[in-house]
Amino acid sequence: MLEIRKATRNDAEVLIDLYGNHLTKYPPKEPQEVSAWQEKIARFESNPHHKLLVGEINGRVVSAVTLVIIENLTNNMRPYAVIENVVTHKDFRGNGYAKNLMQRASEIAEENNCYKIMLLTGSKKESTLRFYENCGFNKNEKTGFIKRFEVPTEWL
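To start, this report covers the structure provided alongside it.

### Brief notes about the environment of Tyr-132
Positionally, Tyr-132 belongs in helix α4 (residues 126-134). The exposure class assigned to Tyr-132 is buried, which follows from its relative accessible area of 11%. The spatial distance from the C-alpha of Tyr-132 to the C-alpha of Met-102 is 9.0 Å, given a sequence separation of 30 residues. Setting aside residues no more than four positions away along its own chain, Tyr-132 makes contact with Val-86, Met-102, Leu-119, Thr-121 and Phe-137.

### Comments concerning the packing of helix α1 (residues 12-22) against helix α2 (residues 34-46)
The geometry of α1 relative to α2 is characterised by a closest axis approach of 9 Å and an angle of 100° between their N-to-C directions. With respect to α2, the element α1 is oriented roughly perpendicular. Residues Ala-12, Glu-13, Leu-15, Ile-16 and Tyr-19 of α1 lie in contact with α2, whose contacting residues are Val-34, Trp-37, Gln-38 and Ile-41. Partitioning the contact of α1 with α2 into residue classes produces 7 nonpolar, 1 polar and 1 charged.

### What about the state of the cysteines?
If you walk through the whole model with that rule in mind, you get 0 disulfides. Cys-135 forms no disulfide, and the closest cysteine sulfur to it belongs to Cys-114, at a distance of 17 Å. Accessibility expressed as a relative area gives 19% for Cys-135, which makes it buried.

### Regarding the packing of aromatic side chains
Any aromatic ring pair is given by two values, namely how distant the centres are and how the planes are angled relative to each other. This model, assessed by the stated rule, comprises 2 aromatic pairs. Here Lys-116 stacks its cationic end above the ring of Tyr-80, 5.6 Å away from the centre of that ring.

### What about the pattern of salt bridges?
Per the counting criterion, the structure on display carries 5 salt bridges. Put simply, Arg-43 and Glu-39 hold a salt bridge, and the shortest N to O gap is 3.7 Å. Highlighted residues: Arg-43 and Glu-39, both in helix α2, separated by 4 residues, approximately one helical turn. For Glu-39, a relative accessible area of 49% gives the class partly exposed. For Arg-104, the salt bridge goes to Glu-107, with nearest N and O atoms at 3.2 Å. Within this pair, Arg-104 and its partner Glu-107 are both found in helix α3 (residues 97-111), separated by 3 residues, close to a single helical turn. Residue classification places Arg-104 among the partly exposed positions, given a relative accessible area of 28%. Residues joined in a network through salt bridges with shared partners are Arg-5, Asp-11 and Glu-56.

The rules we used
Residues numbered from 1 in each chain as written. Predicted model: local features only at pLDDT ≥ 70, side-chain atom pairs only at ≥ 80, totals over all residues. Heavy atoms only, no water. Helix = DSSP H or I, 4+ residues; strand = E, 2+ residues; numbered from the N terminus. Buried < 20%, exposed > 50% of the residue type's maximum accessible area, 1.4 Å probe, protein only. Contact = heavy atoms within 4.5 Å. Axes fitted to C-alpha atoms, helices over the stretch in contact; angles between N-to-C directions. Parallel < 35°, antiparallel > 145°, perpendicular 65-115°, else oblique. Nonpolar A, V, L, I, M, F, W, Y, C, P; charged D, E, K, R; others polar. Disulfide = S-S within 2.5 Å. Phe/Tyr/Trp six-rings, centres within 6.5 Å; stacked < 30°, edge-to-face > 60°. Lys NZ or Arg CZ within 6 Å of the ring centre and 35° of its normal. Salt bridge = Lys/Arg side-chain N within 4 Å of Asp/Glu carboxyl O.

Set out below in structure tokens:
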């Protein structure tokens with residue numbers, strides 16, 4: 001059974017692997033500075049609006065989701081949330097782990113009185129889009145736009 005918890009600085013190495021090898025098309029530059037990741041995760045831990053959730057199977061982190069709650073002045077001053085970096089280790093996909101994390105993230109957003117959650121995906125794969133729809137997200141409700149900034153050469 002999947003155990004869901006907030007990430008801690010002790011999860012830095014496994015998160016480097018998850019994000020670098022199972023999520024992004026821009027894997028982190030080697031070697032990774034574990035201490036920098038630990039410091040960043042510690043900042044997440046101290047921010048009540050930033051939730052980096054991980055899912056564990058038998059003590060091994062196999063999935064992660066980031067939820068950020070954003071204060072707001074509209075919609076009766078209710079906050080909204082953004083989900084990013086949904087990832088499951090390739091060897092553990094298809095077991096519902098990311099869906100469980102998404103459900104927990106939705107519960108946290110609701111507990112924090114959010115009126116909506118937004119997410120963007122760069123994937124065009126029908127299975128990924130269907131996954132998000134099965135998690136309750138509507139791809140036809142809004143139009144998303146992205147403005148990217150130049151990636152520093154030292155990151156490549």
